[in-house]
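Now for the letters of each chain:
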Amino acid sequence: MKVLFGVFLLTLLVITAVAIVRTKNLFVAVMLLGIFSLLIAANFFILDAADVALTEAAVGAGISTVLFLGALALTSEHERTATPHRLLSFAVVTVASLVVLYATFDKPTFGDPNAPVHQHVAPWYLEKTPEYIDIPNVVTAVLGSFRGYDTLGEVFVVFTAGIGVLFLLSARRGPSGRRQTAEPPGAAVGLRHDVIPRVVGRLLVPFILLFGLYVQFHGEYGPGGGFQAGALIAAAFILYALIEGEEQTLRALPQSALNALMVGGALLYGVVGLAGVFLGSNFLDYSVLASNPVSGQQMGIILIEAGVGMTVTGVLLSIFHAFAARDRA
Amino acid sequence: MALLLDIVSWVLLAAGGAFVLVGGIGALRMPNLYTRMHAASVTDTMGAVLVIAGVMVQAGLTLATIKLAAILLFLLITSPTSSYALASAAMLAGIKPDAGSAADLEDSP
């Protein structure tokens, strides 16, 4: 039954991918990309990868769709058709797909218990997590502690992406007069004239924030963690920006606070790592943070997850505001 | 008793599935944006309510049922709002609610 459902979702995924490639309308492509992310999130979920599914649904289907739409507002809605070298691209695609198909012959079959992924380090993680860290969610233990270096790298990738977008988009500010959208002036300040979305949106924002905090601090016990929570909290503020307008949101959480979140989160992660060094152990070894190694590990994971959440929130909201400010200028 | 609950839940699930199917056919076949939205809203209301009710009967009196009730409440609040926002955006974009005219089919996204 699970396999049948998985194959069904993968078939829909292929259809969506072909539709994304075929469409010339970029708005349709963005919407289809959101559907693609939701489908793959459902697929992750039936493969029991709840953490990855939550990330994909929050970031892939939610935030990136919003950011794509923000980017789309700055450009035209239709794809410019380049003159394609059809024969050449066909040859490249054929060769590449044959190579990929050939590579799949060496892969273990679906659900094979002897697959390398189940034999390599995974049994060690599953066995040692209760002893070393003592939290129910092994994914968080692996992500935060055992593979802390990788997560540190991811946080800095997000941070670098954030400052990159800020450099690119806030380079030229001011009235340039290239606003070609024919909206009435009132539409620029959110949905102020629409009572129903405004009331419902204001009702939902605190619940989304609360859920974001729950996902942030429940990551040790259930699916969740800093990345998902950051995306959810950013989504709450984006919803607030849609109903109350940009200005109001920037008054509630100014750009300086966002910069502080971005830098502070990455710094918090690094400082927790360095604290391990100064207390006489290795970088990102949290065992020495408390008198008891297990509670030290738990404290370290909570701190670095908070850092991840702060950076992700700051970066996503900064990117959103950068696009929106560009649109307004 | 278990059999009865199973029957009730399957009837609810099947009815929900039927409403989703009808909504999908309507969204494909209706002539313009507003009638299509009208058809698609069936999936949000009857479809979602019946499917979630069916799953709730399966789950019994557990925490899962309370979570499903919360999801249902969330859907019942948000989906009419998003339908409203979509229709309002379409009105602002200048699409006329002209039942039967196929003219706005081409430019409706």
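Residues numbered from 1 in each chain as written. Chains lettered and ligands numbered in written order. Predicted model: local features only at pLDDT ≥ 70, side-chain atom pairs only at ≥ 80, totals over all residues. Heavy atoms only, no water.

Trainee: I would appreciate a short explanation of the packing of helix H1 (residues 2–22) of chain A against helix H2 (residues 26–46) of chain A in the present structure.
Mentor: In a packed pair of helices, the relevant descriptors are the angle between the two axes and the axis-to-axis distance. All names here are of chain A. At their nearest, the axes of H1 and H2 sit 9 Å apart, and the two run at 165° to each other. Here H2 runs roughly antiparallel to H1, going by the angle between their axes. By crossing handedness, the relation of H1 to H2 is classed as left-handed. Residues Lys2, Phe5, Gly6, Leu9, Leu10, Leu12, Leu13, Thr16, Ala17, Ala19 and Ile20 of H1 touch H2, and the partners they reach there are Ala29, Leu32, Leu33, Ile35, Phe36, Leu39, Ile40, Ala42, Asn43 and Ile46. (Axes fitted to C-alpha atoms, helices over the stretch in contact; angles between N-to-C directions. Helix = DSSP H or I, 4+ residues; strand = E, 2+ residues; numbered from the N terminus. Parallel < 35°, antiparallel > 145°, perpendicular 65-115°, else oblique. Left-handed = near helix turned anticlockwise from the far one by under 90°. Contact = heavy atoms within 4.5 Å.)

Trainee: In this structure, what is going on with H2 of chain A? I would like to understand it.
Mentor: For an α-helix the count is 3.6 residues per turn, leaving residues at separations of three or four pointing the same way. All names here are of chain A. For H2, spanning 21 residues, the distance from its first C-alpha to its last is 30 Å, which sits close to the expected 30 Å at 1.5 Å a residue. Ala29, Val30, Leu32, Gly34, Ser37, Leu39, Ala41, Asn43 and Ile46 are the residues of H2 that are buried. Buried-residue contacts for H2 involve H1 and helix H3 (50–72). The N-cap of H2, judged by a side-chain oxygen 3.0 Å from the amide nitrogen of Phe27 a few residues on, is Asn25. After H2 finishes, the residue Asp48 shows a positive phi value of roughly 70°. (Expected span 1.5 Å × (residues − 1). Buried < 20%, exposed > 50% of the residue type's maximum accessible area, 1.4 Å probe, protein only. Polar contact = N/O pair within 3.5 Å; in protein donor to acceptor, adjacent residues only side chain to side chain.)

Trainee: Can you walk me through the confidence of the model for chain B in this structure?
Mentor: Residues shown with low pLDDT carry predicted positions that ought not to be read at fine detail. Residue and element names in this part refer to chain B. When pLDDT is averaged along chain B, the result is 85, and 90% of the positions lie at 70 or above. Within chain B, the element-level pLDDT minimum falls on helix H3 (residues 63–92), averaging 88, and the maximum on helix H1 (residues 2–29), averaging 92. Reported for the predicted complex are a pTM of 0.83 and an ipTM of 0.78. (pLDDT = per-residue confidence, 0-100.)

Trainee: What am I meant to see in helix H4 (residues 86–104) of chain A here?
Mentor: For H4 of chain A, spanning 19 residues, the distance from its first C-alpha to its last is 27 Å, which sits close to the expected 27 Å at 1.5 Å a residue. Among the 19 residues in H4 of chain A, 0 count as buried, and that is only a small part of the element.

Trainee: How do you make sense of the nonpolar core when you look at a structure like this?
Mentor: Where a protein is soluble and globular, its nonpolar side chains tend to be buried together. Residues and elements named next belong to chain A. Ranked by size, the top nonpolar core spans 38 residues in total, and within it Ile63, Leu67, Tyr269, Tyr286, Leu316 and Leu317 carry the most contacts. Looking at this core, the elements with two or more residues in it are H3, helix H8 (148–169), helix H10 (226–244), helix H12 (255–278) and helix H13 (293–328). In terms of residue count, H13 provides more of this core than any other element does, 11 residues in total. Three or more residues apiece are contributed to this core by two domains, here domain 1 (1–77) and domain 2 (117–177 + 189–329). In this structure Leu67 touches Leu316, Ile319, Phe320 and Phe323, once residues within four positions along its chain are discounted. (Core = buried A, V, L, I, M, F, W, Y, C linked by side-chain atoms within 4.5 Å. Domains from an automatic or database assignment.)

Trainee: Looking at this structure, how should I read the pattern of salt bridges?
Mentor: Charged atoms that come close allow side chains of opposite charge to pair. Residue and element names in this part refer to chain A. Tallied over the entire structure, the rule returns 5 salt bridges over all chains. Among the salt bridges present, the one from Lys2 reaches Asp48, with a minimum N-O distance of 3.5 Å. One end of the pair, Lys2, is in helix H1; the other, Asp48, is in the loop between H2 and H3, and 46 residues separate them in sequence. We classify Asp48 as exposed; its relative accessible area is 62%. Between Glu244 and Arg198 there is a salt bridge, with its nearest N and O atoms 3.2 Å apart. Here the residue Glu244 occupies a position in helix H10, and Arg198 occupies one in helix H9 (residues 195–217), the gap between them amounting to 46 residues. Three or more residues are tied together by salt bridges with common partners; here these are Arg198, Arg202 and Glu244. (Salt bridge = Lys/Arg side-chain N within 4 Å of Asp/Glu carboxyl O.)

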